[in-house]
Amino acid sequence: MDIIRVKDLVKKFGSFVANDHLTFHVEEGEIFGFLGANGAGKTTVMRILCGLSAPTSGEIMVAGYNVYKEREKIKQNIGYMSQKFSLYEDLTVSENIRLYAGIYGMRKKEILNREDELLERLKMEEIKNKFIRDIPLGWRQKLAFSVAIFHQPRIVFLDEPTGGVDPITRRQFWEMIHEATKEGITVFVTTHYMDEAEYCDRVTIMVDGRIADLDTPRKLKEKYNAKNMNEVFLKLARKAKNGDDK
Amino acid sequence: MKRFLGFVRKEFRHIFRDPRTLGILFGLPVVMIVLFGYVVSSDVKDIRIAILDHSKDPTSREIVRKITSSGYFIYAGDLQSEKEIAEVFESGEAKIVLMFGQDFETRIKTESTASIRLVADASDANSAQLAVNYAQAIISSYFLSKSEEISLPWQINVKSRMMYNEELSGVYMVVPGLMALILILISALMTSVTIAREKEFGTMEPLLASPLKAIEIILGKVTPYVLLSFVNAVTIILLGVFVFHVPLVGSIALLLAESMLYITLSLSIGVFISAVSNTQQSAMMISMFGLMLPTILISGFIFPIENMPTILQWFSALMPVRWFIIIIKGIMLKGTGLAFVWKETLILLGMTLFFILMAVRRFKTRLE
Amino acid sequence: MSFVINNISKSYEETRALRDVSFETNEGELFGLIGPDGAGKTSLFRILATLIFPDEGDASVKGFDIRKDFREIRKILGYMPGRFSLYHDLSVKENLEFYATVFGTTIAENYDLIKDIYAHIEPFENRLAGKLSGGMKQKLALSCALIHRPDVLILDEPTTGVDAVSRKEFWDMLKRIQKEGITILVSTPYMDEAALCDRVGLIQHGKLLSVSKPGDLRFDEAMILYSFRCKSGIYEYLSKIRGLQGCSSAFLFGDEIHLLVNGKKEAEELERAIKGWNVPALSLKQITPGIEDYFMALMKSEKHDDLMSEEH
């Protein structure tokens, strides 16, 4: 089943076309990678799918809801996390969890139970009363992801979730993402680390507001005769480079 | 020198490319002056006057008739007791109250002295003053016309009292006050924000790591604002003189020189504020609460210093505005020379040196 | 020697940003400092750029002491801080011009040095810097840091948040700048960029873990690294492999698993065990570790887990 369906999505800012007739779909339970150079239009797409920004035209359904009319319902069914903003630095670990759970209307008893369970799983019981600003970045990002899926959304959007994180934590983070998909959550993720593209079920490569290609990592590597996803990306992105920065 | 000019050029570009900065720099002073000026000098006509007549004799009634038929006043009713005065002022039914003591006429004739009192709502000080002046003039002319009929060596005391604002500050007072306020606001706020902005956006880091010295960075930042603030000062003076007819009796050169001193002081306060704040927001907050509010509230600009508690009076002595208002009022309204404002000038000079020293000392060419 | 760092330590309130860091760079070297966010890279660079003082230890740049001779250092240093420090309301050209005047020079005087880089953005000379793409901002910031022809260049995470294509171009530019005799100290969180440096220092939690040429990274004799590939279900195999005896760590690396084994005998047993699983399309072979394998192994041995107790 398709949990996200996008047909002919166009987004313009004045005369600038950020997204030029994008068509793709995301299957329920898959890890869908969204790669592209800076300014290729990744963030714009993510914002539209989250109901934060209205598309100029196109048919877009997220979790069965229409992005034009049912934004509030979409927001109830998604989780969101980005590298830049995820948790409140001046609140404690526990306060952050409860805050987000409360925002999504979870019951108090359920929150308390699941909070304990989460802290145990993350091995963060001892630091649950520490302020976010006092815990290392890697821990923060893991916690932020857990908070983003705490209300059991159907889709979680991750915008460069592992930027600047150390290599071990980065891998642990991806293992967490994989665990989440086992619970049926669909993951929509952007990243600048090309090795992480390999962990996705399918990968979209955006160039200049268009989809340059979309397939499984394995097929993309075969098609472009590349050793790894980095080569695939460089081949696709460089083709467009000459036309870039108009 | 080329380095310095390059810095100044960049600063001017920042200013002229930001509509908000331009608005605050040039729009705000003009708007404030015009607004304040007109509000304060609104034309005095049809003033609502209430009467509190304890004698109710022919003379008092005739005076009331003279006043209400003068065209300046509108009769707003009779009061029974003094307590009602505050009520009619608060409700706005009357702006001024004319009071006659008991046995007014008898006392004129027997004791050859009697009192009339005028109580005015002076929350709008200027119109209150004008109203009192008109009323006094009418009363005086009435007795002058009577003096031939009743040739008695009498004496009439017209006592007036300005409620809510016993110290008058009319348009003549407002323009110098506003000038002091606007200059310190713009100079200190704008410089502190522009320096804090470089820190916030991270552009200060390469500047600090460059061979530039602290004083070079400060001067580069401040010079454009010295020029622009000076333009502002001249604009305000011109507006005051030509639009609101505030007299400019004293030396223009002295006035401009004192303004430059005051601008320099404001700018060094601005640099000092920016040295202790790392974001535009905190620079703005410090400027607003640490500088602007006290400037408005306890500098004597709106509320008279004499009526403040002693502690606030001391604080008010720390406000540069207080001294600057005395200086420009002296120069503009009374035409005093440096001989009479040297003390205030010296205080401003001392403050300027203090803040420049503090600013340069606190402004480190490092990140901590 | 361009940068000499001796036993530098630095703390901010509770956090120990740098712990007894020492290393030296050679004349004209491209030295990479590699580590995740919060490892202490920025603090070290700020100390060398004479923007903050270390709590302990000393350092020099081209023989100038960072405390006494900071004015000399500021003349010969090009510094590009973590966030591209450009004036967004000034045009490309105005930014460059401004930095040139700050250092008492002109664009024309040193144009040949930045020509290769600046050529990419010259067509947009009159565009405001705030309207540039990430890659172009990065090139402009680098031009600004170079405009006074510095002897040494410090670049703090110049490739963070920049896409793979621009990153590659950026490193090509650094190589050319290096040929001009400029010593470059650069930090990055991307492990794959290590291979492009002459030497790299690995840093984590304020501690310098190692300094070496990228090709010289070697594990202990006894450690053997395997690459495991299969057709599908790699996560299931990952947890199975972690359960094996003798496996000291196993992590995903793209479409493979890298597993580290301690000892020859253990390696043979482990190989036998995995082959016994009859994995479809199995590929299991010994490989030489890359920088990321190396870094991860070092992190493990650096008490990764007692981090919290150490910091508080």
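Residues numbered from 1 in each chain as written. Chains lettered and ligands numbered in written order. Predicted model: local features only at pLDDT ≥ 70, side-chain atom pairs only at ≥ 80, totals over all residues. Heavy atoms only, no water.

A. Molecular detail of the interface of chain B and chain C. Taken together, the contact pairs 29 residues of chain B with 32 residues of chain C. Note on chain B versus chain C: buried area summed over both sides is about 2,700 Å², and carbon and sulfur give 56% of it. Along the contact surface separating chain B from chain C lie 4 salt bridges. Between D89 of chain C and R197 of chain B there is a salt bridge whose closest N-O contact spans 3.4 Å. Looking at the side of chain B that touches chain C, the elements with two or more residues in it are α1 (2-17), α7 (171-201) and α8 (204-208) of chain B. By residue number, the principal contributor to the side of chain B that touches chain C is α1 of chain B, which donates 9 residues. Its residues assigned to classes, the side of chain B that touches chain C shows 9 nonpolar, 6 polar and 14 charged. (Contact = heavy atoms within 4.5 Å. Buried area = accessible area lost by both parts, 1.4 Å probe. Salt bridge = Lys/Arg side-chain N within 4 Å of Asp/Glu carboxyl O. Helix = DSSP H or I, 4+ residues; strand = E, 2+ residues; numbered from the N terminus. Nonpolar A, V, L, I, M, F, W, Y, C, P; charged D, E, K, R; others polar.)

B. Quick look at the pairing of strand β6 (residues 78-82) of chain A. Residue and element names in this part refer to chain A. The buried fraction of β6 is high, at 4 of 5 residues. The pairing of β6 with strand β7 (residues 155-159) spans 5 bridges and is classified as parallel. Its bridge partner being in β7, I78 is matched across the sheet by I155. (Buried < 20%, exposed > 50% of the residue type's maximum accessible area, 1.4 Å probe, protein only. Pairing = 2+ DSSP bridges.)

C. Seen up close, the sheet that holds strand β3 (residues 30-34) of chain C. Residues and elements named next belong to chain C. The strand order across the open sheet built from 6 strands is β6-β7-β8-β3-β9-β10, with neighbouring strands paired in mixed fashion. A strand with exactly one partner marks an edge of an open sheet, and here the two such strands are β6 (77-80) and β10 (207-212). Ignoring strand direction, the axes of neighbouring strands in this sheet form an average angle of 15 degrees. Together, β6 and β7 (152-155) form the strand contacts of helix α5 (residues 134-146), whose direction differs from that of β6 by roughly 160 degrees. Across the face of the sheet, helix α9 (residues 291-301) comes into contact with β3, β9 (199-204) and β10 while running at roughly 35 degrees to β9. (Axes fitted to C-alpha atoms, helices over the stretch in contact; angles between N-to-C directions.)

D. Molecular detail of a nonpolar patch on the surface. Taken together, the side chains of V276, M284, M285, I286, M288, F289, L293, L297 and F303 of chain B present a nonpolar region at the surface, about 780 Å² in accessible area. Mapping V276 of chain B onto the fold places it in helix α10 (residues 252-276). (Patch = residues over 30% accessible without salt bridge, like charges linked within 9 Å, V, L, I, M, F, W, Y side chains within 5 Å. Areas by Shrake-Rupley, 256 points an atom, 1.4 Å probe, with all protein chains shown as cover.)

E. Spotlight on empty space enclosed by the protein. Within the structure shown, the criterion is met by 3 cavities of 30 Å³ or more. The volume enclosed by the largest cavity comes to roughly 130 Å³. Lining the largest cavity we find 14 residues, and of these P206 of chain B together with Y79, Y99, C144 and A145 of chain C sit closest to its centre. Sorting the residues of the lining of the largest cavity by element identifies β6 and α5 of chain C as the ones contributing at least two each. Examining the composition of the lining of the largest cavity, we find that 4 residues originate from one element, β6 of chain C, more than from any other. (1 Å grid on protein atoms, 1.4 Å probe; cavity = no way out; pocket = protein on both sides within 12 Å on 5 of 7 lines; lining within 4 Å. Points joined across faces, edges and corners; volume = space filled by probe spheres on them.)

F. Fine view of the interface of chain A and chain C. Chain A puts 37 residues into the contact, and the matching count from chain C is 39 residues. Summed over both sides, the interface between chain A and chain C buries roughly 3,200 Å², with carbon and sulfur atoms accounting for 60% of that surface. There are 4 salt bridges connecting chain A and chain C. At the boundary of chain A with chain C, the tally comes to 9 residue pairs in polar contact (both at pLDDT 80 or more). It is helix α6 (residues 167-182) of chain A that contributes the most residues to the side of chain A that touches chain C, 7 residues altogether. (Polar contact = N/O pair within 3.5 Å; in protein donor to acceptor, adjacent residues only side chain to side chain.)

G. Layout of the nonpolar core. By size, the foremost hydrophobic cluster in this structure holds 153 residues, and its most contacted members are L207 of chain B together with L142 of chain C. Residues contacting L207 of chain B, with those up to four places away along its chain left out, are F7, E198, L212 and I217 of chain B together with Y87, F98, Y99 and V102 of chain C. Membership of the second largest hydrophobic core comes to 74 residues, among which are I97, L119, F173 and V187 of chain A. (Core = buried A, V, L, I, M, F, W, Y, C linked by side-chain atoms within 4.5 Å.)

H. How the structure looks around the side chain of E258 of chain B. Residue and element names in this part refer to chain B. Inspection of the secondary structure assignment puts E258 in helix α10. Within the buried set, E258 has no salt-bridge partner at all; the shortest N-O distance to an opposite charge, 13 Å, is to K343. Dropping the residues within four chain positions of it, E258 is found in contact with F324, I327, I331, L338, V341 and T345. (Lys, Arg positive; Asp, Glu negative; His and termini not counted.)

I. Local environment of the pattern of salt bridges. All chains considered together, the criterion is met by 44 salt bridges over all chains. K227 of chain A is the salt-bridge partner of E231 of chain A, the closest N and O atoms lying 3.3 Å from each other. Note on K227 of chain A: relative accessible area 68%, which makes it exposed. With a shortest N-O distance of 2.5 Å, R199 of chain C and E29 of chain C are connected by a salt bridge. Note that R199 of chain C is positioned in strand β9 and E29 of chain C in the loop between β2 (15-24) and β3, a separation of 170 residues in sequence. A single burial state applies to R199 of chain C and to E29 of chain C, both of which are buried.

J. View of the side chain of T50 of chain C. Inspection of the secondary structure assignment puts T50 of chain C in the loop between α1 (41-48) and β4 (56-61). Each residue touching T50 of chain C, except ones within four places of it in the same chain, is listed here: T365 and R366 of chain B together with I66, F70, I73 and R74 of chain C.

K. Summary view of the packing of helix α3 (residues 92-102) of chain C against helix α4 (residues 111-121) of chain C. Residue and element names in this part refer to chain C. Remark: α3 packs on α4, axes separated minimally by 11 Å, with the N-to-C direction vectors making an angle of 150 degrees. Comparing the axis directions of α3 and α4 gives the class roughly antiparallel. Viewed along their axes, α3 and α4 form a crossing whose handedness is right-handed. Seen from α3, the contacting residues are V92, K93 and L96; seen from α4, they are I114, Y118 and I121. (Parallel < 35°, antiparallel > 145°, perpendicular 65-115°, else oblique. Left-handed = near helix turned anticlockwise from the far one by under 90°.)

L. Molecular detail of the environment of L48 of chain C. Residue and element names in this part refer to chain C. Assignment of secondary structure puts L48 in helix α1. As for L48 and E169, which are separated by 121 residues in sequence, their C-alpha atoms are 26 Å apart. Setting aside its immediate chain neighbours within four residues, L48 contacts F3, I5, A59, V61, I66, I73, I154 and L185.

M. Molecular detail of the sheet that holds strand β3 (residues 31-36) of chain A. Residues and elements named next belong to chain A. Taking strand neighbours across the sheet as the criterion, the 6 strands line up as β6-β7-β8-β3-β9-β10 in an open arrangement whose pairing is mixed. Two strands lie at the open edges of the sheet, namely β6 and β10 (210-215), each paired on one side alone. Each strand axis lies, on average, 15 degrees off the axis of its neighbour in the sheet, ignoring direction. Most of the contacts of helix α5 (residues 137-148) go to β6, to which it runs at about 165 degrees, and overall it touches β6 and β7.

N. A look at helix α6 (residues 164-179) of chain C. Residue and element names in this part refer to chain C. Counted at 1.5 Å a residue, the expected span for α6 with its 16 residues is 22 Å, and the 23 Å between its end C-alpha atoms agrees. Every buried residue of α6 is listed here: A164, V165, S166, R167, E169, F170, W171, M173, L174, I177 and Q178. Of the residues trailing α6, G181 is marked for its positive phi of about 90 degrees. (Expected span 1.5 Å × (residues − 1).)

Any functional reading would require information beyond the geometric quantities listed.
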